[in-house]
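What follows is each chain in one-letter form.
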Amino acid sequence: MAAHSKPAQLGPWGKATAGAAGAAFANVLVYPLDLIKTKLQVQVKKSADVEKQEATASNEVHYKGTWDALTKIKNAEGIAGLYAGMNGALLGVTSSNFAYFYWYSIVRTLYLQYQKSDAHPSTAAELSLGAVAGALGQLFTIPVAVVTTRQQTQSKEDRKGIIDTAREVVEGEDGITGLWRGLKASLVLVVNPAITYGAYERLKDILFPGKNTLKPWEAFLLGALSKSIATIVTQPLIVAKVGLQSKPPAARNGKPFKSFVEVMEFIVKNEGALSLFKGIGPQLLKGFLVQGILMMTKERVELMFILFMRFLSKLRSQQLGKAAALAAAAKVASPVIAK
């Protein structure tokens, strides 16, 4: 009976698949917010007079906020415009979350084996484990993020498919290394998922101590709270990373940024320090909803995996039992050959 009471454990592949499925589902639901926050983060803030002067001389659209961006994009491109670049974005979030949860499961298991203790890792340890998993995941998935950011910030007339956009990046000034543009910023930004999942595990122990399986609303609450904390802390780095991966603003005459520090200096000089938090409204709302839905879905998918594994194990046991019974029956029924 004790064996039956022990909770089934998922391996790295199961956890990674559950995390990727949750991320894809959540991002499909709130993708327009992702598009809008990216557009708000790459645009250069202008005064009202400058905006009016440039409106007649350029086709560049300036957005005053989330609702203004939503309205202008819908009026100019229809509902489809709010989902521009979604294929690349879904590929990006699915692959990055799969990589993150895969590596996080591995490094956390190794850490617990090294500790030889059943005690939960400390907050510092959780953050470190998340950072290591995030860094490993970024190395493999950042090219998709670069291509997606380019697609999201292109005008309707200039917008291309995933392959053509990737080719445009490779044919640029940086060559094939352009697909890893913003890698340093991304490696610094691993503190975001590290804070998110570190806070998730810590809040889970505080708010729902001793629970192995969370209810949907509990998982949603933990995911939303933990992501909100991480977003507020890392927003300037998020803005800088988007600036690195998109086309440079007109004020730089086509000269790309070389580092996230250079992006931040440009923003502070031209727009003021508060602009390092531009787009934080849709960023927070998107993170709140996505992470909440992601963790809620992930918990359900993991439970489905566990139940499926138990079903397969039971089925296999039954088949082995039947095979053993048939073998025993055949042995009894077989005639004895006299010599």
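Conventions used here
Residues numbered from 1 in each chain as written. Predicted model: local features only at pLDDT ≥ 70, side-chain atom pairs only at ≥ 80, totals over all residues. Heavy atoms only, no water. UniProt positions renumbered as here; feature names shortened; annotations may be inferred. Axes fitted to C-alpha atoms, helices over the stretch in contact; angles between N-to-C directions. Helix = DSSP H or I, 4+ residues; strand = E, 2+ residues; numbered from the N terminus. Parallel < 35°, antiparallel > 145°, perpendicular 65-115°, else oblique. Left-handed = near helix turned anticlockwise from the far one by under 90°. Contact = heavy atoms within 4.5 Å. Core = buried A, V, L, I, M, F, W, Y, C linked by side-chain atoms within 4.5 Å. Buried < 20%, exposed > 50% of the residue type's maximum accessible area, 1.4 Å probe, protein only.

As named in an unreviewed UniProt entry, the chain is Peroxisomal adenine nucleotide transporter 1, taken from Neurospora crassa. In UniProt, the chain has this text filed under Subcellular location (unreviewed entry): "Membrane". UniProt's Sequence similarities (unreviewed entry) comment on the chain is quoted here verbatim: "Belongs to the mitochondrial carrier (TC 2.A.29) family."

Draft legend 1. Molecular detail of the packing of helix α6 (residues 123-153) against helix α9 (residues 191-207). As a packed pair, α6 and α9 sit with axes 8 Å apart at the nearest point and diverge in direction by 140 degrees. Between α6 and α9, the crossing angle belongs to the class labelled oblique. Seen along the crossing, α6 lies across α9 with a hand that is right-handed. Across from Thr-123, Glu-126, Leu-127, Gly-130 and Ala-131 in α6, the residues of α9 making contact are Ala-194, Ile-195, Gly-198, Glu-201 and Arg-202.

Draft legend 2. Main features of the nonpolar core. Ranked by size, the top nonpolar core spans 21 residues in total, and within it Tyr-100, Phe-101, Tyr-197, Tyr-200, Leu-214 and Leu-294 carry the most contacts. With five residues, helix α2 (residues 12-42) is the largest single contributor of residues to this core. With residues near it in sequence (within four places) discarded, Tyr-100 still touches Gly-130, Ala-133, Gly-134, Pro-193, Ala-194 and Tyr-197. Counting 14 residues, the second-largest nonpolar core is a separate cluster that includes Ala-185, Ala-240, Phe-266 and Ile-267.

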